[in-house]
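# Notes for the structure review
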Amino acid sequence: MTILITGGAGFIGSNFIHRWLSKNEEKIVNVDLLTYAGNINSLKDISNDKRYIFEKVDIAEKSKIYKLINKYEPRAVINFAAESHVDRSIHSPEAFIRTNINGVFSLLEASKDYFFRLNSNKKNSFKIIQVSTDEVYGSLKEEEDKFTEQNQYLPNSPYAASKAAGDHLARSYCKTYGLPVCITNCSNNYGPYQFPEKLIPLTIHNALENKQIPIYGDGRQIRDWLFVDDHCDAICEVLAKGTVGETYNIGGDNEITNIDIVNIICAKLDELSPMKDNKYDSLISYVKDRPGHDRRYAINSTKIKNELNWKPHIKFIEGIDITIQWYLDNQAWVKNITSGDYKEWIDLNYK
Ligand code: NAD
Ligand code: TYD
């Protein structure tokens with residue numbers, strides 16, 4: 001049997017593929033366009049594994065997606081592919097509409113066509129997972145309860161709005177056509193193979209390069225951080241046991257302010273790779289705030305804990321050490337990325 005995932009050359013997708021192959025005999029097809037965020041080097045170690053197949057395809061190209069789904073006849077489709085960076089969505093939202101909305105539409109259409117032709121046995125075991133984010137729920141005030149699956153969708157950035165639209169389409173294909181869809185809404189992930197434009201890898205990268213570490217606004221915004229392996233395990237549980245038509249919130253029970261995260265990273269780097277005559281926190285620089293910046297995200301994961309028996313295993317203090325050590329050990333991976341048009345974007349964003 002085979003599962004087909006999209007966006008497997010990105011941060012969470014590549015971690016998912018590594019984890020999948022370490023635990024399963026089943027084949028995995030990775031459909032990825034290799035945008036700036038897709039990195040084939042993240043999958044170098046498994047590129048010759050017979051259980052792994054790579055297809056360079058845009059998920060918004062419906063006819064190609066039809067062909068791939070019919071060719072591989074997967075028992076499941078997991079959609080990780082997305083434009084995923086909020087700052088980029090503020091500067092240039094168009095790609096977000098194409099991938100996060102039209103791309104989801106095309107995956108749903110192709111899956112529907114395929115699903116209707118399956119025999120009843122195969123229909124019963126088929127599932128689509130739309131991997132989404134807590135950002136669709138908008139922003140919480142400090143005293144408000146964490147997001148549950150009942151929260152209204154109130155997206156504030158073009159990224160969050162495009163993911164919300166994709167989720168709505170996925171839900172509608174389940175309700176209208178009976179397509180077996182589950183949606184997962186996860187909090188901020190961190191770990192190996194994350195592109196160094198997101199807070200944690202950018203902080204590590206800039207520190208090691210002796211560059212300013214930008215903190216947007218007052219740095220008191222809160223995110224609920226989850227180690228990427230825990231997210232991948234949650235998706236596997238939803239694939240194995242999730243009820244069709246349901247949404248599952250996934251979070252780390254781990255709310256931390258941005259400035260605290262950056263200070264933790266700086267202190268760890270002071271220990272592991274000290275600067276010559278200074279401390280890394282001397283690089284911290286408060287910059288203009290992100291427009292529409294969400295103040296707080298926090299996830300209530302009670303449903304997935306109770307119904308699917310999932311819980312996060314990696315504490316932040318362990319996960320951040322693993323992550324920092326990974327970036328120290330994989331500077332070649334980082335250099336490969338930062339030698340491309342990376343600098344152009346970073347200069348534009350932090351002007
Ligand atoms: P990422 O930006 O690191 O990777 C996205 C991947 O999708 C890349 O490999 C890219 O090449 C591919 N891609 C982009 N457009 C494509 C297209 N049109 N066709 C085919 N492939 C395309 O993203 P990530 O951080 O790994 O996030 C994966 C998913 O998880 C996304 O759907 C995101 O919304 C969701 N999510 C991410 C986080 C997080 O903290 N990173 C948290 C919750 C949910
Ligand atoms: P990010 O990693 O972009 O994830 P998201 O916006 O999806 O939560 O940002 C995490 C938090 O860190 C967010 O509040 C914005 C903030 N941030 C900074 O303060 N400086 C930075 O350089 C970046 C990239 C993010």
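A quick note: this is a predicted structure, and the numbers were derived from the prediction, not measured.

A few words now on the site of ligand 1. Taken together, 28 residues sit near ligand 1, with Ile12, Asp32, Ser84, Tyr159 and Lys163 positioned nearest. Measuring from a nitrogen atom of ligand 1, one finds a side-chain N or O atom of Asp58 at 2.8 Å. Within the side chain of Thr99, an N or O atom sits 3.0 Å from a nitrogen atom of ligand 1. Summarising the interface, the protein chains cover 97% of the accessible area of ligand 1, which totals 840 Å² for the free molecule. Per-element accounting of the shell around ligand 1 gives the leading share, three residues, to strand S5 (residues 127–133). Considering only residue class, the shell around ligand 1 consists of 14 nonpolar, 11 polar and three charged.

Among the structural elements, Ser42 can be located in the loop between strand S2 (27–31) and strand S3 (52–55). Aside from chain neighbours lying at most four places away, what touches Ser42 is Ala9, Ser14, His18, Tyr193 and Trp333.

The subject of this paragraph is the site of ligand 2. The environment of ligand 2 is formed by 18 residues, the closest being Glu135, Pro214, Arg223, Arg290 and His293. Separating an oxygen atom of ligand 2 from a side-chain N or O atom of Asn188 is a distance of 2.9 Å. Contact between ligand 2 and Arg223: an oxygen atom at 2.8 Å from a side-chain N or O atom of the residue. Calculation on ligand 2 without its partners gives an accessible area of 510 Å², and the protein chains cover 97% of this total. Taken together, the elements giving at least two residues each to the shell around ligand 2 come down to helix H7 (199–208) and strand S8 (213–216). Considering each element in turn, the shell around ligand 2 owes the most residues, three residues, to S8. Of the residues in the shell around ligand 2, the class split is eight nonpolar, five polar and five charged.

Right, let's get into helix H8 (residues 228–241). For H8, which comprises 14 residues, the first-to-last C-alpha distance of 20 Å matches the rise-based estimate of 20 Å (1.5 Å per residue) to within 8%. Within H8 the residues assigned to the buried category are Val228, Asp230, His231, Cys232, Asp233, Ala234, Ile235, Val238 and Leu239.

Our focus in this paragraph is the environment of Thr35. Looking at the secondary structure, you find Thr35 in the loop between S2 and S3. Of the residues examined, Thr35 reaches a relative accessible area of 29% and is grouped as partly exposed. The spacing of Thr35 and Gly10 is 25 residues in sequence and 9.0 Å in space, taken between C-alpha atoms.

What the rule picks out here adds up to 22 salt bridges. A salt bridge links Glu246 to Lys303, with the nearest nitrogen and oxygen atoms 2.6 Å apart. Placement of the pair is Glu246 in the loop between H8 and strand S11 (247–250) and Lys303 in helix H10 (residues 302–308), with a sequence separation of 57 residues. Note that Glu271 is salt-bridged to Lys268, the shortest N-O span being 3.2 Å. Of this pair, Glu271 and Lys268 both sit in helix H9 (residues 258–272), three residues apart, which is roughly one turn of that helix. Note on Glu271: relative accessible area 56%, which makes it exposed. When salt bridges with common partners are traced through the structure, they connect Arg19, Lys23, Asp229 and Asp233 into a single cluster.

The rules we used
- Residues numbered from 1 in each chain as written.
- Chains lettered and ligands numbered in written order.
- Predicted model: local features only at pLDDT ≥ 70, side-chain atom pairs only at ≥ 80, totals over all residues.
- Heavy atoms only, no water.
- Near = heavy atom within 4 Å.
- Polar contact = N/O pair within 3.5 Å; in protein donor to acceptor, adjacent residues only side chain to side chain.
- Areas by Shrake-Rupley, 256 points an atom, 1.4 Å probe, with all protein chains shown as cover.
- Helix = DSSP H or I, 4+ residues; strand = E, 2+ residues; numbered from the N terminus.
- Nonpolar A, V, L, I, M, F, W, Y, C, P; charged D, E, K, R; others polar.
- Contact = heavy atoms within 4.5 Å.
- Expected span 1.5 Å × (residues − 1).
- Buried < 20%, exposed > 50% of the residue type's maximum accessible area, 1.4 Å probe, protein only.
- Salt bridge = Lys/Arg side-chain N within 4 Å of Asp/Glu carboxyl O.

Everything listed here is a matter of coordinates, which is why it stays silent on function.
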